[in-house]
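# Architecture at a glance
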Number of protein chains: 2
Amino acid sequence: MSISSAIDALTSVLGDRLSRSKSDLDIHGRSETHFAPMPPDAVAYPLTTTEVAAVVRTCAEHNCPVIPWGTGTSLEGHSLAPQGGITINLSRMDAVLTTNAPDMDVTVQPGVTREALNTHLRDTGLFFPVDPGANASLGGMTATRASGTTAVRYGTMRDNVLGLTVVMADGRVVQTGTRARKSSAGYDLTGLFVGSEGTLGIITEITLRLHGQPQAISSAICGFDTVAGAVDAVMDAIQMGIQVARIELVDTASALAVNAYSGADFPACPHLLLEFHGSDTAVVEDAASFGEIATDHGGHGFEWSAKAEDRNRLWKMRHDAYYAILASRKGTTAIVTDVCVPISRLADALLATQNDIASSGIPGPILGHVGDGNFHAILLIDPDSPSEMDTAKALASRMATRALDMGGTITGEHGVGMGKLDKMTAEHGDAWAVMGAIKAAFDPDGIMNPGKLVPPAN
Amino acid sequence: MSISSAIDALTSVLGDRLSRSKSDLDIHGRSETHFAPMPPDAVAYPLTTTEVAAVVRTCAEHNCPVIPWGTGTSLEGHSLAPQGGITINLSRMDAVLTTNAPDMDVTVQPGVTREALNTHLRDTGLFFPVDPGANASLGGMTATRASGTTAVRYGTMRDNVLGLTVVMADGRVVQTGTRARKSSAGYDLTGLFVGSEGTLGIITEITLRLHGQPQAISSAICGFDTVAGAVDAVMDAIQMGIQVARIELVDTASALAVNAYSGADFPACPHLLLEFHGSDTAVVEDAASFGEIATDHGGHGFEWSAKAEDRNRLWKMRHDAYYAILASRKGTTAIVTDVCVPISRLADALLATQNDIASSGIPGPILGHVGDGNFHAILLIDPDSPSEMDTAKALASRMATRALDMGGTITGEHGVGMGKLDKMTAEHGDAWAVMGAIKAAFDPDGIMNPGKLVPPAN
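Note that this is a predicted model, so its numbers are computed, not measured. (Residues numbered from 1 in each chain as written. Chains lettered and ligands numbered in written order. Predicted model: local features only at pLDDT ≥ 70, side-chain atom pairs only at ≥ 80, totals over all residues. Heavy atoms only, no water.)

What follows covers the sheet that holds strand 8 (residues 161-167) of chain A. Residues and elements named next belong to chain A. Strand order in the open sheet formed by 5 strands is 5-6-10-8-9, and the pairing between neighbours is antiparallel. Edge positions in the sheet fall to strand 5 (96-100) and strand 9 (173-177), since each of these pairs with one other strand and no more. Across this sheet, the average inter-strand angle for adjacent strands is 10°, counted without regard to direction. Inspection of the sheet shows strand 6 (residues 105-108) paired to strand 10 (residues 202-209) by 4 bridges, in the antiparallel sense. Each residue of the ladder has a partner; that of V106, found in strand 10, is L208. (Pairing = 2+ DSSP bridges. Helix = DSSP H or I, 4+ residues; strand = E, 2+ residues; numbered from the N terminus. Axes fitted to C-alpha atoms, helices over the stretch in contact; angles between N-to-C directions.)

By convention, interface size is frequently given as the accessible area that disappears when the constituent parts associate. All names here are of chain A. Examined at the domain level, chain A breaks down into domain 1 (2-91), domain 2 (96-212), domain 3 (214-326) and domain 4 (329-443). If you look at the interface, domain 2 gives 10 residues, while domain 3 gives 10 residues. A per-residue breakdown of the area domain 2 buries against domain 3 is headed by T149, V152 and R153, which together make up 60% of the total. Our count for the domain 2 to domain 3 interface comes out at 1 salt bridge. (Domains from an automatic or database assignment. Contact = heavy atoms within 4.5 Å. Buried area = accessible area lost by both parts, 1.4 Å probe. Salt bridge = Lys/Arg side-chain N within 4 Å of Asp/Glu carboxyl O.)

All right, on to the pattern of salt bridges then. Residues and elements named next belong to chain B. Applying the stated criterion across every chain yields a total of 42 salt bridges over all chains. Linking D105 and R179 is a salt bridge whose minimum nitrogen-to-oxygen distance equals 2.7 Å. Linking D105 in strand 6 (residues 105-108) with R179 in the loop between strand 9 (173-177) and helix 8 (189-193), this pair joins segments that are 74 residues apart in sequence. Just as D105 is buried, R179 falls in that class too. Between E248 and R318 there is a salt bridge, with its nearest N and O atoms 2.8 Å apart. In this pair, E248 is assigned in strand 13 (residues 244-250) and R318 in helix 12 (residues 308-327), connecting sequence segments 70 residues apart. With respect to burial, E248 and R318 carry one shared label: buried. (Buried < 20%, exposed > 50% of the residue type's maximum accessible area, 1.4 Å probe, protein only.)

With that out of the way, let us pick up the relation of the copies chain B and chain A. When chain B is fitted to chain A, the best match, at an RMSD of 0.0 Å, comes from turning it 180° and sliding it 0.0 Å along the axis. On this basis, the relationship between the two copies can be described by a two-fold rotation axis. A share of 97% of the interface residues of chain B reappears at the interface of chain A, consistent with the copies meeting face to face through the same patch. (Least-squares fit on C-alpha atoms with pLDDT ≥ 70 in both.)

Here E413 of chain A shows up in the loop between helix 14 (386-405) and helix 15 (424-428). Given the relative accessible area of 9%, E413 of chain A is considered buried. Within polar-contact distance, the side chain of E413 of chain A engages the side chain of K182 of chain B at 3.1 Å. Excluding residues within four positions of it along the chain, E413 of chain A makes contact with T144, R145, A146, S147, G148, D338, H369, N374 and H376 of chain A together with K182 and S184 of chain B. (Polar contact = N/O pair within 3.5 Å; in protein donor to acceptor, adjacent residues only side chain to side chain.)

All names here are of chain A. When we look at burial in helix 10 (residues 252-262), the residues that qualify are S254, A255, A257, V258 and N259. Where helix 10 is buried, its residues contact strand 13 (244-250), strand 14 (271-278), helix 12 (308-327) and strand 17 (366-369). Looking at the residues trailing helix 10, positive phi occurs at G263, about 70°.

All names here are of chain A. Following the sequence through the fold, V231 ends up in helix 9 (residues 227-239). You can call V231 buried: its relative accessible area is 2%. Considering only alpha carbons, one finds V231 and H297, 66 residues apart in sequence, at a separation of 9.0 Å. Every residue in contact with V231, bar those within four places of it in the chain, is listed here: L346, A347 and L350.

This part is about the pairing of strand 6 of chain B. Residue and element names in this part refer to chain B. The alternating pattern of strand 6 places D105 and T107 on one face and V106 and V108 on the opposite face, and all of these are buried. Alignment of strand 5 (residues 96-100) against strand 6, held across 4 bridges, turns out to be antiparallel. Bridged to T99 within strand 6 is V106. From the end of strand 5 to the start of strand 6, which pair antiparallel, there are 4 residues, and M104 there has a positive phi angle of about 55°.

Right, let's get into the interface of chain B and chain A. Facing 73 residues of chain B, the contacting portion of chain A comprises 71 residues. Carbon and sulfur atoms supply 58% of the area that chain B and chain A bury against each other, a total of about 5400 Å² over both sides. In terms of surface lost to chain A, no three residues of chain B exceed R158, K182 and Y187 of chain B, which account for 18% of the buried area on that side. With its nearest N and O atoms 3.1 Å apart, the salt bridge here joins K182 of chain B to E413 of chain A. If you list the elements that add at least two residues to the side of chain B that touches chain A, you get helix 7 (157-160), strand 9, helix 8, helix 9 (227-239), helix 15 (424-428) and helix 16 (430-442) of chain B.

The next thing to look at is a negative patch on the surface. Residues and elements named next belong to chain A. A cluster of like negative charges, contributed by D232, D236, E292 and D296, occupies part of the molecular surface. Taken together, the elements giving at least two residues each to the negative patch come down to helix 9 and helix 11 (280-296). Examined against the element boundaries, D236 turns out to sit in helix 9. (Patch = residues over 30% accessible without salt bridge, like charges linked within 9 Å, V, L, I, M, F, W, Y side chains within 5 Å. Areas by Shrake-Rupley, 256 points an atom, 1.4 Å probe, with all protein chains shown as cover. Lys, Arg positive; Asp, Glu negative; His and termini not counted. Charge placed at Lys NZ, Arg CZ, Asp CG, Glu CD.)

Attention now goes to the side chain of S147 of chain A. Considering the arrangement of structural elements, one finds S147 of chain A in the loop between helix 5 (138-143) and helix 6 (151-154). Separated by 2.9 Å, the side chains of S147 of chain A and E413 of chain A make a polar contact. Side chain to side chain, S147 of chain A and K182 of chain B meet in a polar contact 2.9 Å long.

Here it is in structure tokens:
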């Protein structure tokens with residue numbers, strides 16, 4: 001049996017950093033969403049790129065699946081082990097290796113979390129802006145092309161990764177990119193590995209672009225009579241060039257869930273939560289300008305603040321919103337959708353989705369990174385009810401199809417994993433086979449995170 | 001003979017849009033730099049994606065090389081035909097297909113030039129910012145991952161292409177990307193084709209990100225005692241968050257060449273040329289703030305203007321600088337270097353390069369997109385002097401090695417083509433073989449722009 005022989009060989013390499021304990025297998029076989037548990041056969045805890053390469057080389061010799069693991073906060077089953085094998089937990093590779101303040105870049109190991117990095121950077125005047133909500137590892141964020149609330153201003157991981165060290169499927173270690181701000185020296189391998197979900201190689205070092213801490217930050221909140229009014233305000237703000245750093249939609253159902261969970265007192269209507277980064281005067285002007293735009297579109301209860309404590313309370317509520325929504329129905333599990341559409345179609349997409357959810361009978365509060373045209377419906381289902389699961393999956397499928405019809409994508413930031421495989425042909429057509437050809441060239445034996453992202457091998 | 005049988009087959013498809021005239025072969029066998037002429041055997045002028053696919057499918061059947069051609073303004077021999085074959089001239093596919101103003105995107109055919117696109121967009125309040133100098137085709141700019149003077153503010157083609165239609169090596173037509181602002185739906189095929197130099201497929205449609213025309217624009221010019229002073233001013237400006245839209249270095253030798261060619265009157269010293277985009281007040285403040293920074297670093301003769309005519313004159317001179325430099329030595333040809341380094345190393349790189357050029361005896365004026373750490377030495381050589389060619393190539397090679405030693409890249413924006421093949425191992429190590437594996441997966445017979453970018457097939 002190939003997996004057990006790989007485990008035997010790895011035990012001599014890693015000693016007690018190769019775990020087969022039940023708790024380790026359980027933890028690494030679970031996800032945050034609706035997938036059934038799929039544990040690996042063992043969990044490796046390497047400390048260096050060389051050790052990762054040794055693990056992968058051994059697994060390649062024994063044709064054993066290899067699954068990279070950061071913090072386990074992905075939502076599409078990326079870190080599950082549907083074919084068993086070895087999960088490589090990278091959390092002990094958590095060093096910030098080099099900070100280059102004048103060049104505004106930093107090189108980290110993959111187990112560094114985004115909060116740990118920003119704590120490390122606190123005194124440099126710099127920060128790393130990408131914020132998917134969870135305190136994810138930077139390796140996982142790179143591998144899933146994460147984004148979140150600040151992408152409207154600072155871009156996604158695609159825009160903020162300068163270079164990588166990657167262990168390939170045969171154990172070779174390659175470097176991609178440089179510390180230069182741009183390059184046209186051949187294929188963009190960095191961009192290819194960003195979002196490749198562990199299916200092409202294991203990322204063991206990441207060089208990230210940093211940004212200057214803004215001189216000032218203001219935050220704001222505004223209620224709207226309708227979701228369409230809120231979206232129109234977003235479009236106007238972006239087209240007028242107001243530099244929003246965050247612009248988040250919380251629909252009525254989400255606002256009520258947050259009230260119940262966090263003791264907040266949102267009125268029962270859709271809200272936009274905003275943040276502005278800039279000079280002391282700019283953040284005041286931007287907040288005021290947005291207030292005027294909001295009023296034009298039926299906004300009410302507009303409040304803004306330049307105080308850190310107000311801002312922190314606002315974003316704590318937004319970050320907790322997913323857990324608030326989960327808590328709004330006891331014993332529930334979630335299917336979290338993630339469509340992203342051209343912003344001119346966003347209001348239509350949101351309204352059609354809300355109507356569809358309302359007629360399904362399943363609760364589905366909506367949160368949106370609306371500056372990017374990206375939103376999530378959190379479909380709350382009884383895990384023991386196959387009919388609710390079927391209903392929710394059909395809802396999610398209709399949302400994805402609707403997004404494609406509008407020129408959008410089935411996933412703005414959560415990735416493919418196991419959960420979006422059935423929509424890849426609809427989005428990509430023959431280009432999905434092109435992805436399969438890359439996979440076959442990089443990993444001919446299919447050992448790297450099998451069952452995710454690419455078409456099943458024939 | 002495979003090429004001649006491909007030509008016979010294509011004649012029946014394209015009629016007189018397949019040319020074998022001497023003038024066509026000559027034009028498509030030349031480059032703007034030092035490469036010897038390498039004409040194709042025929043030039044195809046397709047009008048549609050379907051016709052491009054038919055040409056490629058026919059060439060695939062006959063194992064005939066296919067070379068895409070935009071405006072022929074690339075600098076590394078990208079559009080030459082070292083193995084003969086069919087050049088596909090895409091200039092007649094020059095339609096702007098769809099402009100989506102609310103979403104700030106546009107879809108074009110590859111033969112649309114950047115100036116034609118901006119003329120088309122004039123009344124929309126939007127523009128396409130990437131400006132490599134030449135009035136290049138957007139297909140060529142995509143294929144070489146072009147950037148130029150505005151990348152410091154708006155990014156490169158990597159950052160401004162949302163999606164593509166591509167004819168693959170077997171004639172299949174695939175779509176990559178969507179009109180959504182972000183996606184994590186699998187491998188970033190769009191990013192892989194951007195900068196692939198025609199070696200993976202022929203780009204036949206491009207969806208581009210547009211930007212709002214700035215409310216106001218100001219420009220400025222400033223002399224410096226030393227290149228180091230100019231670079232220090234650049235670093236300070238960027239770290240202070242001054243939003244420069246262009247920040248260009250013209251060294252003393254370049255300034256004198258521009259004087260002779262354009263009748264300008266630059267003092268004999270290094271200069272920075274700048275542009276600021278923003279609100280009426282912001283562009284005045286930014287120019288003034290930069291003036292203060294410049295003074296701190298030995299700047300003198302600082303002048304700024306918000307008048308379009310001053311700005312147009314300034315950038316006309318900058319755009320003509322390459323031709324001014326060529327004209328500064330009669331009967332010359334050029335080797336144009338293109339290194340890009342982390343900005344903290346830029347002053348060192350520039351000074352070492354200037355010293356190296358001075359001791360070589362070859363003229364080598366320098367122009368730089370210094371906000372990105374990218375600069376060009378235009379090495380002027382007698383095309384009939386093998387020893388000057390050898391000296392210049394050795395100089396260029398040392399610059400590339402120096403850039404790599406500093407954490408930079410051998411090419412910031414010109415691409416690999418035929419001219420940088422010998423430095424790819426130094427920059428990428430084993431990752432160059434990974435590029436070769438992608439090439440082999442996409443184009444197993446090696447018909448797509450052979451002799452460029454990837455390692456030679458065994």
